[in-house]
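# What the coordinates show
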Amino acid sequence: MTALLSIRDLTVSYRGNGREALKNINLDIAAGERLAIIGESGSGKSTLALAIAGLLPASARIGGRIDWQMSEFRSPHQPSRLRNNTPLGGRDIGFVFQDPSASLDPVMTIGKQIAEVARTHLGLGWPQAYAKARTLLDRVRLPDPDTALRAFPHQLSGGQKQRVAIAAAIAAGPKLLIADEATSALDTIVQAEIVSLIRKLVAEDGMTLLFISHDIALAAELADRIAVFRHGELVEIGATEQIIDAPRHPYTRALLDAHLGLDAEPLLPQAGVPR
Ligand code: ADP
């Protein structure tokens, strides 16, 4: 597989913060792969996502480079920014965050927010952009998409709002979907539904997925490869099966032990059982 992007010697530090948020990261992300970034809070996962999307704040000092496969690159690739300057859906990168209430505009209908992404990045007129929004609401399995188009975020549950945020994130057909703790605020059943939705959409649209989570079990459900971060360093990366069955780094083992201490369910499904 060709690399969608190559990260070389990436180091990021924030002004006023003593330690580096990322240290000398080298990582290739292949086109079409599903890569999970896992690690505890503060390990640099969000910093990596923001660096890839070109969205780090001005206070960040950046060293090293991130090279995009130019044939996959459609400029400008920065996601649209909606409320609070939060990026959502762009032409090259779609972003889904932990809290959809923070990324969706409370006084704009859901249909308009999704249509806005399609209008901005695909140059569609409003009628076509709304038609696209309706199709997307159907694809993210929101019940009654026609009514939902005219609804406001507060009229939806947390899980439904996250479906809308996902629809906005993919509205312009991005190559790369970044989900940063996108299911962490949801209860377990809704979390499983959103993971299954992300898996379906990524497969249907042939997107590359960067799935960021503190939860190694969740990552194992979705990812082809897992990269383990600790204190800004990439400590281990490998195929999901290798990371789960034969972790090499003691920290990865500790994460797995911590999970198994809470929940004795096997992390990977039995052979032959579809995920
Ligand atoms: P994670 O996503 O794994 O929780 P982050 O990338 O958010 O980790 O944070 C990595 C480190 O960078 C932490 O020490 C955090 O406090 C620091 N950091 C993150 N964002 C900022 C910022 N905007 N200003 C200063 N420090 C930051």
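Whatever comes next refers back to the structure up there.
Right, let's walk through the structure included here. Quantities reported herein were computed from a predicted structural model and do not represent experimental measurements.

Within the protein chain, the regular secondary structure consists of 10 helices and 9 strands. Looking at the protein chain alone, contacts between residues at least 24 apart form 63% of all its contacts between residues at least 6 apart. When the accessible surface of the protein chain is split by element, carbon and sulfur atoms take 51% of a total near 12,300 Å².

Another point: the nonpolar core. In this structure, I114, L137, L177 and I198 are the most contacted members of the largest nonpolar core, which totals 40 residues. Looking at this core, the elements with two or more residues in it are α3 (110-122), α4 (126-139), α5 (145-149), α6 (158-170), β6 (176-180), α7 (188-205), β7 (208-213) and α8 (216-222). Those residues in contact with L137 that sit more than four places away from it in its chain are I110, I114, L142, P145, A148, L149 and V164.

Here we come to the sheet that holds strand β1 (residues 3-14). Sheet strands pair by backbone hydrogen bonding; their relative direction is either parallel or antiparallel. With antiparallel pairing, 3 strands are arranged side by side in an open sheet as β2-β1-β4. Looking at which strands have only one partner, the edges of the open sheet turn out to be β2 (22-30) and β4 (60-68). Averaged over all neighbouring strand pairs, the angle between strand axes comes to 10°, with direction disregarded. Bridging between β1 and β4 involves 8 bridges; their strand directions are antiparallel. Paired with S6 across the bridge in β4 is D67. Packing against the sheet, helix α1 (residues 45-53) makes contact with β1, β2 and β4, and its axis sits at approximately 120° to β1.

Criteria and thresholds
Counting starts from 1 at the beginning of each chain's written sequence and moves along it residue by residue. With the structure being a predicted model, the display of local features is reserved for residues of pLDDT at least 70 and the display and counting of side-chain atom pairs for 80 or more, all residues being used for whole-chain, interface and lining totals. Side-chain metrics in this entry use all non-hydrogen atoms of the structure; hydrogen atoms and water are not considered. Every helix listed is a DSSP run of H or I at least four residues long, and every strand listed is a run of E at least two residues long, numbered separately from the N terminus. Residues count as neighbours in contact if any of their non-hydrogen atoms are within 4.5 Å of one another. All accessible-area figures derive from a Shrake-Rupley calculation using a 1.4 Å probe, and residue coverage is judged against the displayed protein chains alone. As used in this record, nonpolar core signifies buried Ala, Val, Leu, Ile, Met, Phe, Trp, Tyr and Cys residues forming a set joined through side-chain atoms within 4.5 Å. Only protein chains enter the accessibility calculation, which uses a 1.4 Å probe; a residue is then buried when its area is under 20% of its type maximum, exposed when over 50%, and partly exposed in between. For two strands to be treated as a pair, DSSP must find at least two bridges joining them. Between the N-to-C directions of two axes lies an angle of 0 to 180 degrees, each axis being a line fitted to C-alpha atoms and, for a helix, fitted only over the stretch in contact.

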